[in-house]
Amino acid sequence: MAQMTMIQAITDALRIELERDPNVLVFGEDVGVNGGVFRATAGLQEQFGEHRVFDTPLAESGIGGLAVGLAVQGFRPVAEIQFFGFVFEAFDAIASQAARLRYRSGGRYHAPIVFRSPFGGGVKTPELHADSLEGLFLQTPGVKVVIPSNPYDAKGLLISAIRDNDPVIFLEHMKLYRSFREEVPEGEYTVPIGKAKVVREGRHATVVTYGAMVHTSLRAAEKLAESRGAEVEVIDLRTVNPIDIETVVESVKKTNRAVVVQEAQRQAGVAAEVAAQINERAILHLEAPVLRVTAPDTVYPFAAIEDEWLPDVERVVRALEEVLDF
Amino acid sequence: MGVLVQERTPYEPVRILEEDGTVVNPDLMPDLTDEQLRELMRRMVFTRVWDQRAIALNRQGRLGFYAPVAGQEASMLGSHFALTKDDFLLPSYRDIPQLVFHGFPLYQAFLYSRGHIHGGQIPPDVHALMPQIIIAAQCTQLAGVALGIKLRGEKRVAIAYFGDGATSQGDFYEGMNFAGVYKVPAIFFAQNNRYAISVPVTKQTAARTLVQKSVAAGIPGVQVDGMDVLAVYRVTKEAADRARAGEGPVMIESLTYRYGPHTMAGDDPTRYRTNEELGEWERQDPLIRFRAFLQARGLWSEQEEEAVIEETKQTIADALKKADEYMPKQTVADLIDVMFEELPPHLAEQKAAFLSREGR
Ligand SMILES: Cc1ncc(C[n+]2csc(CCOP(=O)(O)OP(=O)(O)O)c2C)c(N)n1
């Protein structure tokens, strides 16, 4: 066991998979000599050579198309989109090409591609770097979307993603990259895609969340335990497409109250989907409406007000109080 | 003194045959046997007949989506003839003839036209992707396919077909640029048929030629008379040989014309082009030209052409019958099954709902 940050855990996963399977290729802007702008691929080109780990020209659509073409040739591309705010440049390659390859070919081809990308707010980036755009990929049939909240999950989920035979969008919250270390086993292990995790058990209300908001929600749960002895269960979705609704519903049947917390803007998206599904599957178990804590439906702001814009502990606490007191 | 330069490199289309079939450029004459020359003619006749049949069948409601190809036979089949079965094709929706001569069964082409999933199931021994609908998306994928070939150390070539409109897309440039950087065995084959639906190429770009766009990607380019099947074969063969030898990608601009509508979905070419213009291009027809060339050498006769026409009609009838009889019919449950390798729970639920509706 070693203490690792999330970024180290990600590098470790890439190294393990590059070593294990010669068809795994890692590429993107600045991923070669430079090791990526966050150093996620640090040392990999040196270790595996330029044929396995390489820079691309600066063109996201080209990167996406390259990945699709390589997938057709039997490779397992791990393509980096330098910041997820730039994914629109690659949207056709992901949504119209990679996501549809299996269907369009009636199963002859598939796209075992991982699109890795840093995202998420609170780190004072220039505009268009921090947006939470995962909701767009809930309406993109044919892709999976994975968002780890800690180093252990990041490594196990990334290995699963690389081994998955369908396209996976793997989103790495920038704030979590180096915010803490934890014990991460050496060598390979997997965390299954599509399985949520109860990260704190409780009886009185359920928070459903993912990514950096897992930590915000855990702090809110602690506060409520202190302030009023409420036992709040916190579920880390880990995969937001497909959503592990079974784990969510099981919890809601126990607690009868739910709040969904996401960093992304409010309309549609993960929180809306979770609320709708709780409604469909567990409405008779509910003692209060399912609430959402989200950013407002504006564009992602410039850095000066992002801390006020992003959901915080206090907003989660207030929503929980509302469902508890309903 | 001005320092700006408009354009340095003049491109002239490569041509071997005059419109009357005489050879104007014997130095470039490709090394093809008599039998290969006749096969080229057979393929063009087959494609012309098929095009006429497909248009008729579409009007009768027996075929669905179809993009006519008459006028482009030399461009399509001359270039494809320069490739081998191991080479990899990335066609657009119009490039069904190349796909079929690459081994894709005709009845599946008909199922593709009808929107049946089996129309996308390229057989395992046919190295090709399904027809691309997103204009120029095949260009970035070409870079990936060709890089894959290079990484595996194979002596194969990949080719993408696209139109003049596609050269305005970023993906066209991105694909060529990636291919140039990685020096991969790729051929970017632009069929400049003068129109992207209704928009003429003069409104597509201020560039005098499309091929000059290869200069920006740092790769060689060539313009070819796309109504001259021998010239198209010749330039593609050179590009393929070069790519196979590890010397990197090439762009080809083939000057051609589509006689028919853009697709059979209500396009009316008289809205955007004149009959005189159409007539001018029909006078350069690739079949007329090549027929004259072959006849002058005693390699082609009317009877032979008749025989090919009859044979083609029979082949089409057989393929149509096979398409009509193709089972199983497609269901929504089948569609759900082919989204992922393993069915995720939400889709399993949705599939169950459709299965009960579909009475299974
Ligand atoms: C990205 C994209 N934009 C627009 C269209 C609609 N569309 C289909 S074909 C076409 C014209 C394409 O012209 P060109 O590339 O010259 O090829 P051609 O049809 O002449 O073979 C257009 C605009 C599309 N399919 N994809």
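Residues numbered from 1 in each chain as written. Chains lettered and ligands numbered in written order. Predicted model: local features only at pLDDT ≥ 70, side-chain atom pairs only at ≥ 80, totals over all residues. Heavy atoms only, no water.

Let us now look at the overall build of chain A. When its secondary structure is counted, chain A shows 11 helices and 14 strands. A compact globule built from 326 residues would reach a C-alpha radius of gyration of about 20 Å, and chain A, at 19 Å, matches this within 12%. Relative to its 326 residues, chain A shows a buried fraction of 64%. Put simply, of all contacts in chain A between residues at least 6 apart along the chain, 82% involve residues at least 24 apart. Accessible surface computed for chain A: about 12000 Å², of which carbon and sulfur atoms make up 49%. Charge separation in chain A, taken as the distance between the mean sites of 33 positive and 46 negative side-chain charges, equals 4 Å. (Helix = DSSP H or I, 4+ residues; strand = E, 2+ residues; numbered from the N terminus. Rg over C-alpha atoms; globule rule 2.2 N^0.38 Å. Buried < 20%, exposed > 50% of the residue type's maximum accessible area, 1.4 Å probe, protein only. Contact = heavy atoms within 4.5 Å. Areas by Shrake-Rupley, 256 points an atom, 1.4 Å probe, with all protein chains shown as cover. Lys, Arg positive; Asp, Glu negative; His and termini not counted. Charge placed at Lys NZ, Arg CZ, Asp CG, Glu CD.)

So, about the pairing of strand E4 (residues 76-80) of chain A. Residues and elements named next belong to chain A. The buried fraction of E4 is high, at five of five residues. Along E4, one buried face is formed by Arg76, Val78 and Glu80 and the opposite face, lined by Pro77 and Ala79, is buried too. Where strand E2 (residues 24-28) lies against E4, five bridges are found, and the strand directions are parallel. Directly across from Gly28, in E4, lies its bridge partner Glu80. (Pairing = 2+ DSSP bridges.)

Right, let's talk about the site of the ligand for a bit. Residues and elements named next belong to chain B. Lining the immediate surroundings of the ligand are 15 residues, of which Tyr93, Arg94, Ile133, Gly165 and Tyr195 lie closest. In this structure, a nitrogen atom belonging to the ligand sits 2.9 Å away from a main-chain N or O atom of Ile133. The contact in question runs from an oxygen atom of the ligand to an N or O atom on the side chain of Asn193, over 3.0 Å. Calculation on the ligand without its partners gives an accessible area of 580 Å², and the protein chains cover 72% of this total. Here the residues of the shell around the ligand sort into eight nonpolar, five polar and two charged. (Near = heavy atom within 4 Å. Polar contact = N/O pair within 3.5 Å; in protein donor to acceptor, adjacent residues only side chain to side chain. Nonpolar A, V, L, I, M, F, W, Y, C, P; charged D, E, K, R; others polar.)

Once that is clear, we can look at the nonpolar core. Of all hydrophobic cores here, the largest spans 155 residues; its most connected members are Leu237 of chain A together with Trp50, Phe188, Leu230 and Phe290 of chain B. Ranked by the residues each element gives to this core, the list is headed by helix H1 (residues 34-59) of chain B, at 11 residues. If we skip the residues at most four places from it in the chain, Phe188 of chain B touches Cys139, Leu142, Ala160, Phe162, Gly175, Met176, Ala179, Ile219, Pro249, Val250, Met251 and Ile252 of chain B. Judged by nonpolar contacts, the second largest core, of 40 residues, contains Ile10, Leu14, Ala130 and Leu310 of chain A. (Core = buried A, V, L, I, M, F, W, Y, C linked by side-chain atoms within 4.5 Å.)

Attention now moves to the interface of chain A and chain B. Every contact between the two is made by 43 residues of chain A and, on the other side, 41 residues of chain B. Roughly 3400 Å² is buried in total at the junction of chain A and chain B, and carbon and sulfur atoms are behind 60% of that figure. At the junction of chain A and chain B, the tally comes to one salt bridge. Taking the shortest distance from any N to any O, the salt bridge between Arg281 of chain A and Glu349 of chain B comes out at 2.8 Å. In this assembly, chain A and chain B are joined by 17 residue pairs in polar contact (both at pLDDT 80 or more). (Buried area = accessible area lost by both parts, 1.4 Å probe. Salt bridge = Lys/Arg side-chain N within 4 Å of Asp/Glu carboxyl O.)

For helix H8 (residues 245-255) of chain A, the full list of buried residues reads Ile245, Thr247, Val248, Val249, Ser251, Val252 and Thr255 of chain A. Just past H8 of chain A, the residue Asn256 of chain A takes up positive phi, approximately 65°.

What follows deals with helix H11 (residues 286-296) of chain B. Residue and element names in this part refer to chain B. Taken as a whole, H11 has its buried residues at Pro286, Leu287, Arg289, Phe290, Phe293 and Leu294. Buried positions in H11, seen along its axis, are confined to an arc of 165° and lie on one side of it. Its side-chain oxygen 2.9 Å from the backbone nitrogen of Leu287, Asp285 forms the N-cap of H11. A positive backbone phi angle near 70° is found at Gly298, which sits one or two residues after H11. (Arc of directions from axis to C-beta.)

Note on sheets: strands pair through backbone hydrogen bonds, and any given pair is parallel or antiparallel. Residue and element names in this part refer to chain A. If you walk across this open sheet you meet the seven strands as E3-E2-E4-E5-E7-E6-E12, and the pairing is mixed. One side of each edge strand has no neighbouring strand; the edge strands of this open sheet are strand E3 (53-55) and strand E12 (239-241). The average angle at which neighbouring strand axes cross in this sheet is 20°, direction not considered. Relative to strand E5 (residues 114-119), E4 runs parallel, the two being bridged by three bridges. The partner of Ala79 across the bridge, within E5, is Phe115. Here helix H1 (residues 6-20) sits on the sheet and contacts E2, E3, E4, E5 and strand E7 (168-173); the angle it forms with E2, its principal contact strand, is near 135°. (Axes fitted to C-alpha atoms, helices over the stretch in contact; angles between N-to-C directions.)

The next point concerns the domain arrangement of chain B. Each domain of chain B was delimited in the assignment, giving domain 1 (26-327) and domain 2 (330-360). Taking the mean C-alpha position of each, domain 1 of chain B and domain 2 of chain B sit 37 Å from one another. (Domains from an automatic or database assignment.)

Residue and element names in this part refer to chain A. Of all six residues making up E7, six are buried, and the element is well covered by its neighbours. On E7, burial covers both faces: Val168, Phe170 and Glu172 on one face and Ile169, Leu171 and His173 on the other are all buried. Pairing of E5 with E7 involves six bridges; the strand directions are parallel. Within E7, the residue paired with Arg116 across the bridge is Phe170. Relative to E7, strand E6 (residues 144-146) runs parallel, the two sharing three bridges. Counterpart to Lys144 in the pairing with E7 is Val168. This β-α-β element, E6 to helix H6 (residues 151-163) to E7, shows right-handed connectivity. (Right-handed = clockwise from strand over helix to strand, strands pointing away.)

This brings us to the packing of helix H4 (residues 106-114) of chain B against helix H12 (residues 302-325) of chain B. Residue and element names in this part refer to chain B. As a packed pair, H4 and H12 sit with axes 8 Å apart at the nearest point and diverge in direction by 55°. In this view, H4 runs oblique relative to H12, as classed from their interaxial angle. Between H4 and H12 the crossing geometry is right-handed. Residues Leu106, Tyr107, Phe110, Leu111 and Arg114 of H4 touch H12, and the partners they reach there are Thr315, Ile316, Ala319, Leu320, Lys322, Ala323 and Asp324. A breakdown of the residues in the contact of H4 with H12 according to their chemical character gives eight nonpolar, one polar and three charged. (Parallel < 35°, antiparallel > 145°, perpendicular 65-115°, else oblique. Left-handed = near helix turned anticlockwise from the far one by under 90°.)

In this section: the sheet that holds strand E3 (residues 186-192) of chain B. All names here are of chain B. The five strands are arranged E1-E2-E3-E7-E6 in an open sheet whose pairing can be described as parallel. Because the sheet does not close on itself, it has two edges, and the strands there are strand E1 (88-90) and strand E6 (221-225). Shown here is a sheet whose adjacent strand axes are inclined to one another by a mean of 20°, direction ignored. Note: E3 against strand E7 (residues 250-255), six bridges, orientation parallel. Note that in E7 the partner of Phe188 across the bridge is Met251. Helix-sheet contacts for helix H6 (residues 170-182) involve strand E2 (158-163), E3 and E7, and the interaxial angle to E3 is about 150°.

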